[in-house]
Amino acid sequence: MTKKIAWRCPSNIALVKYWGKKGNQIPCNASISMTLQNAYTDTSLILTDKKSVGIELEYFFEGKQNAAFQQRILQYLEQNKSSFPVLDQYAMRIESENSFPHSTGIASSASAFGALALVLLSASDYTGDDFLERASFLSRLGSGSASRSMYPGYALWGALDEVVGSSDEFAIPVTDIHPDFSDMRDSILIVDDEPKSVSSSVGHGLMKGHSYANVRFLDANRHTLEMKGILETGDLGGFVSLIEREALALHAMMMTSSDYYLLMKPDTVAIIDAIMSFRRETGVPVGFTLDAGPNVHVIYPGKVENEVNSFLKSLQIDLKGVINDKIGTGPIKLA
Ligand code: DP6
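About the cut-offs
- Residues numbered from 1 in each chain as written.
- Predicted model: local features only at pLDDT ≥ 70, side-chain atom pairs only at ≥ 80, totals over all residues.
- Heavy atoms only, no water.
- Helix = DSSP H or I, 4+ residues; strand = E, 2+ residues; numbered from the N terminus.
- Rg over C-alpha atoms; globule rule 2.2 N^0.38 Å.
- Buried < 20%, exposed > 50% of the residue type's maximum accessible area, 1.4 Å probe, protein only.
- Contact = heavy atoms within 4.5 Å.
- Near = heavy atom within 4 Å.
- Areas by Shrake-Rupley, 256 points an atom, 1.4 Å probe, with all protein chains shown as cover.
- Nonpolar A, V, L, I, M, F, W, Y, C, P; charged D, E, K, R; others polar.
- Pairing = 2+ DSSP bridges.
- Phe/Tyr/Trp six-rings, centres within 6.5 Å; stacked < 30°, edge-to-face > 60°.
- Lys NZ or Arg CZ within 6 Å of the ring centre and 35° of its normal.
- Salt bridge = Lys/Arg side-chain N within 4 Å of Asp/Glu carboxyl O.
- Expected span 1.5 Å × (residues − 1).
- Arc of directions from axis to C-beta.

Caption draft 1: The arrangement of the overall build of the protein chain in detail. Looking only at helices and strands, the protein chain features nine helices and 14 strands. Its C-alpha radius of gyration of 20 Å places the protein chain within 12% of the 20 Å reference for a compact globule of 335 residues. In terms of its C-alpha atoms, the protein chain occupies a principal-axis envelope of roughly 65 × 40 × 40 Å. Within the protein chain, buried positions represent 55% of all 335 residues. Residue pairs at least 24 apart in sequence account for 74% of intrachain contacts in the protein chain once pairs closer than 6 positions are excluded.

Written out as structure tokens, the structure reads:
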């Protein structure tokens, strides 16, 4: 017998950043993100009869067997075996592909672990009303940012007294979004497509004992609440300044950790500078954010698309590419 289940799970861009974790993938602060539409992972799970005891897994990434990914997934499956009864019942072949090129700074672990949790949960015949919340919980155990990829629009991860239902263990959707934020764009400017010199897990680790850690975690919790309020009430100016402050705070943490490092490149700074000047001169509500890498996410509402596109075309910077993305509708079951 053969059975196939497939899900598409999008990536997300953090507006307020998760940076620092403890215990079993528990964040040190709350974060809030926008789900993307065009950057996603498609994952198929093909179940066949088992031939031996224990987990039987073959993993293919973009058509090829990938030992490094297979190892990370096996470790995840071993650690979370009790959540996925399907592992005891079938042999599994997993086929995964990304819609975006590898190493472009798009959080591939978010969409990859998101899609993996979704196929495994579907295959385990989990049909509770809290399916997406459960998928958020399980994907978080693979990669923290994956927890925020389960919902359309915006998601909040991390327990905050002020937000009913919020949790460190899974993300929740942020609803009642003001029309100003219903059609957001993210043009991702690829400054450098080389693999990152310092992985996010090492970066999270460096927050342990960081001199600024406690202040950072308090700030981020406050910023998450502030961002939630902005998304609900509508304040594009406040939005732009908050995402930029958050992006720079994330990189400031890297630059001031005991093993300090710098992921911005000269062109990253040149783009940031150009965005700030353009906004000052024109009043167009456009801002930037950064992940743990040198590439710049240019964030703006659809209504200023033409102005921002002409600005981006006028940039005298030799980019490795541009990915045009926008606010997304969440995961889709493909088969
Ligand atoms: C800078 O989710 O990649 O993108 O939990 O170790 O997999 P792990 O980390 P990961 O960290 C993402 C960090 C970030 C900010 C964010 O997405 O909030």
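Structure's up, so let's keep going.
Caption draft 2: Fine view of the site of the ligand. Around the ligand there are 16 residues in total, and Tyr18, Lys21, Ser143, Gly144 and Ser145 lie nearest to it. Contact with the protein chains covers 94% of the free accessible surface of the ligand, which is 450 Å². Counted by class, the shell around the ligand contains five nonpolar, seven polar and four charged residues.

Caption draft 3: Up close: the pairing of strand β1 (residues 2–16). Burial analysis of β1 places eleven of its 15 residues in the buried class, the great majority of the element. As judged from the 13 bridges shared by β1 and strand β4 (residues 31–49), these two strands associate in the antiparallel manner. Each bridged residue has a counterpart across the sheet, and for Ala6 the counterpart in β4 is Ser44.

Caption draft 4: Inspection of the packing of aromatic side chains at higher detail. On inspection of all chains with the given rule, the structure shows nine aromatic pairs. Taking the centre distance of 4.6 Å and the plane angle of 70 degrees together, the rings of Tyr18 and Trp157 count as edge-to-face. Residue Tyr18 is found in the loop between β1 and β2 (21–22), and its partner Trp157 is found in strand β8 (residues 154–157); the two are separated by 139 residues along the sequence. Taken as a pair, Tyr18 and Trp157 share a single burial class, namely buried. Centroid distance Tyr76 to Phe113: 5.3 Å. Interplanar angle 65 degrees. Geometry classified as edge-to-face. Here the residue Tyr76 occupies a position in helix α1 (residues 67–79), and Phe113 occupies one in helix α3 (residues 108–123), the gap between them amounting to 37 residues. The class of Tyr76 is buried, set by a relative accessible area of 2%. A network of ring pairs unites the aromatic residues Trp7, Tyr126 and Phe131 as a single cluster. Above the plane of the ring of Tyr40 lies Arg8, whose end atom (NZ or CZ) is 3.9 Å from the centre.

Caption draft 5: Representation of the pattern of salt bridges within the structure. All chains considered together, the criterion is met by twelve salt bridges. Taking the shortest distance from any N to any O, the salt bridge between Glu56 and Lys50 comes out at 3.3 Å. For Glu56, a relative accessible area of 15% puts it in the buried group. Among the ionic pairs, Lys265 bridges to Asp192, the shortest N-O distance being 3.8 Å. In this pair, Lys265 sits in the loop between α7 (236–255) and α8 (266–282) while Asp192 sits in the loop between β10 (184–190) and α5 (200–205), placing the two residues 73 residues apart along the sequence. Through salt bridges with shared partners, one network takes in Glu58, Arg93 and Glu95.

Caption draft 6: Quick peek at the environment of Met276. Relative to the elements of secondary structure, Met276 occurs in helix α8. When the C-alpha positions of Met276 and Val286 are compared, they lie 8.5 Å apart, and in sequence the two are ten residues distant. Beyond its immediate stretch of four places on either side in the chain, Met276 contacts Glu244 and Phe288.

Caption draft 7: Expanded view of the pairing of strand β12 (residues 296–301). Counting buried positions over the six residues of β12 gives six, a clear majority of the element. The two faces of β12 match: Val296, Val298 and Tyr300 on one face and His297, Ile299 and Pro301 on the other face are all buried. Connecting strand β11 (residues 287–290) to the next strand, β12, in antiparallel fashion are five residues.

Caption draft 8: Highlighting helix α6 (residues 213–233). Between its terminal C-alpha atoms α6 stretches 30 Å, which fits the 30 Å expected from 21 residues at 1.5 Å a residue. Within α6, the full set of buried residues consists of Ala213, Arg216, Phe217, Ala220, His223, Thr224, Met227, Ile230 and Leu231. Looking down the long axis of α6, one finds its buried residues gathered within 140 degrees of arc, a one-sided arrangement. Across from the buried face of α6, at angles greater than 90 degrees, the exposed residues are Asn214, Val215, Leu218 and Thr233. Against the buried residues of α6 lie β1, β4, β8 and α7. With its phi angle positive at about 85 degrees, Gly234 sits one or two positions after the end of α6.

These values are about where atoms sit, not about what they do.
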